[in-house]
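A closer look at the structure
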Amino acid sequence: VRCEVEDGDVLAAAVGSVSEERWRSAMRTHAAHAAPLPPSAPSFRIASLRAGQHDFDSRALSSALGAAVSALQPSWRVDLEAPDVCVLALLVNRSLLIGALLPPFSPRKSDPLPMEPRQWLLRGERA
């Protein structure tokens, strides 16, 4: 999901951008490129980074987006250390980008961004 947030409540607009249609599309893409999710209670984590002047912090953004994901996937549980799905949200001023990271990734509870052990990243090459 990529969008420009208009004037008003940026946090509400960010949450509103996670529609059922967009979520289902993201999960279809995830399923096409990742191992199948566990049949019972998959887990997820929101990783958020933001820059610019906002009346909320990254934790509030993660929490609000987590509530949106929980509303779409009520049986899913939050797991900050070993989630099955990691949703990344980048908010720069009024530009918002939300996506699901494809494995492999190594979430770190104390760091907003998971490590991505991709060989081209380790060697400094561009894809």
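Note: the structure precedes this text.
Now for a quick tour of the structure. This is a predicted model, so every value here is computed, not measured. Residue numbers here run from 1 along each chain, matching the order of that chain's written sequence. Since the coordinates come from a predicted model, pLDDT governs what is reported: local features require at least 70, and pairs of side-chain atoms require 80 or more to be given and counted, while whole-chain, interface and lining totals use all residues. In computing side-chain properties, one takes all heavy atoms of the structure into account and sets aside hydrogens as well as water.

**Concerning the overall build of the protein chain**
A run of H or I in DSSP becomes a helix once it reaches four residues, and a run of E becomes a strand once it reaches two; helices and strands are each numbered from the N terminus. Within the protein chain, the regular secondary structure consists of four helices and five strands. For the protein chain, the N- to C-terminal ordering of α and β elements is β-α-α-β-α-β-β-β-α.

**With respect to the nonpolar core**
In this structure, Trp23, Leu61, Leu65, Trp76, Leu96 and Ile98 are the most contacted members of the largest nonpolar core, which totals 24 residues. The leading source of residues in this core is helix α3 (residues 58–72), at six residues. When checking whether two residues touch, look at their non-hydrogen atoms; a contact exists if any pair is within 4.5 Å. Setting aside anything within four residues of it in sequence, one finds Leu65 in contact with Ala14, Val15, Val18, Ile46, Ser48, Ala89 and Ile98. Among the buried residues, those of types Ala, Val, Leu, Ile, Met, Phe, Trp, Tyr and Cys that are joined through side-chain atoms within 4.5 Å form a nonpolar core. Classification of residues uses two cut-offs on accessible area relative to the type maximum, computed with a 1.4 Å probe and protein chains only: under 20% is buried, over 50% is exposed, and between them is partly exposed. Grouped together as the second largest cluster of nonpolar side chains are five residues, Cys86, Leu88, Leu101 and Phe105 included.

**Things to note about the packing of aromatic side chains**
Planes of paired rings set the category: under 30 degrees apart is stacked, over 60 is edge-to-face and the rest tilted, where pairs are Phe, Tyr or Trp rings (Trp by its six-membered ring) whose centres lie within 6.5 Å. Taken as a whole and assessed by the stated rule, the structure comprises two aromatic pairs. Ring centres of Phe44 and Trp76 lie 6.3 Å apart, and the angle between their planes is 45°; this geometry places the pair in the tilted category. Of this pair, Phe44 sits in strand β2 (residues 43–51) while Trp76 sits in the loop between α3 and β3 (77–78), placing them 32 residues apart in sequence. Each member of the pair, Phe44 as well as Trp76, carries the same accessibility label: buried. Through successive ring pairs, a cluster of aromatic residues spans Trp23, Phe44 and Trp76.

**Side note on the sheet that holds strand β5 (residues 95–101)**
Taken in spatial order, the five strands of this open sheet run β1-β5-β4-β2-β3, and their pairing is mixed. Looking at strand neighbours, the two that pair on one side only are β1 (2–4) and β3, the edges of this open sheet. In this analysis, axes come from line fits to C-alpha atoms, helices being fitted only over the stretch in contact, and the angle between any two N-to-C directions falls in the range 0 to 180 degrees. Together, β2, β4 (85–92) and β5 form the strand contacts of α3, whose direction differs from that of β2 by roughly 145°. When DSSP finds two or more bridges between two strands, those strands count as paired.

**A word on the pattern of salt bridges**
We define a salt bridge as a contact between a side-chain nitrogen of Lys or Arg and a carboxyl oxygen of Asp or Glu at a distance within 4 Å. Scanning all chains against the criterion turns up two salt bridges. For Arg24, the salt bridge identified is with Glu20, shortest N-O distance 3.5 Å. Separated by four residues within a single helix, Arg24 and Glu20 lie in helix α2 (residues 20–33), roughly one turn from each other. Close ionic contact of Arg77 with Asp79 constitutes a salt bridge, the shortest N to O distance being 3.7 Å. On the basis of relative accessibility, which here comes to 42%, the residue Arg77 falls in the partly exposed class.

**Focus on unusual backbone geometry**
Excluding glycine, a negative phi dihedral is what most residues carry, and trans is how most peptide bonds are arranged. Of note, the phi angle at Ala41 is positive, near 50°, even though the residue is not glycine. On the secondary structure map, Ala41 appears in the loop between α2 and β2. Located in the positive-phi region is Asn93, a residue other than glycine, with phi close to 55°. For Asn93, the position within the fold is in the loop between β4 and β5. A relative accessible area of 47% places Asn93 in the partly exposed class.

**Let's talk about the pairing of β5**
Sheet topology note: the β1/β5 ladder contains three bridges and is antiparallel. Bridging across to β5, Glu4 finds its partner in Ser95. With seven bridges joining them, β4 and β5 adopt antiparallel strand pairing. Note on β5: the bridge partner recorded for Ala89 is Ile98. Between β4 and β5, which pair antiparallel and follow one another directly, the connecting turn spans two residues, one of which, Asn93, has a positive phi of 55°.

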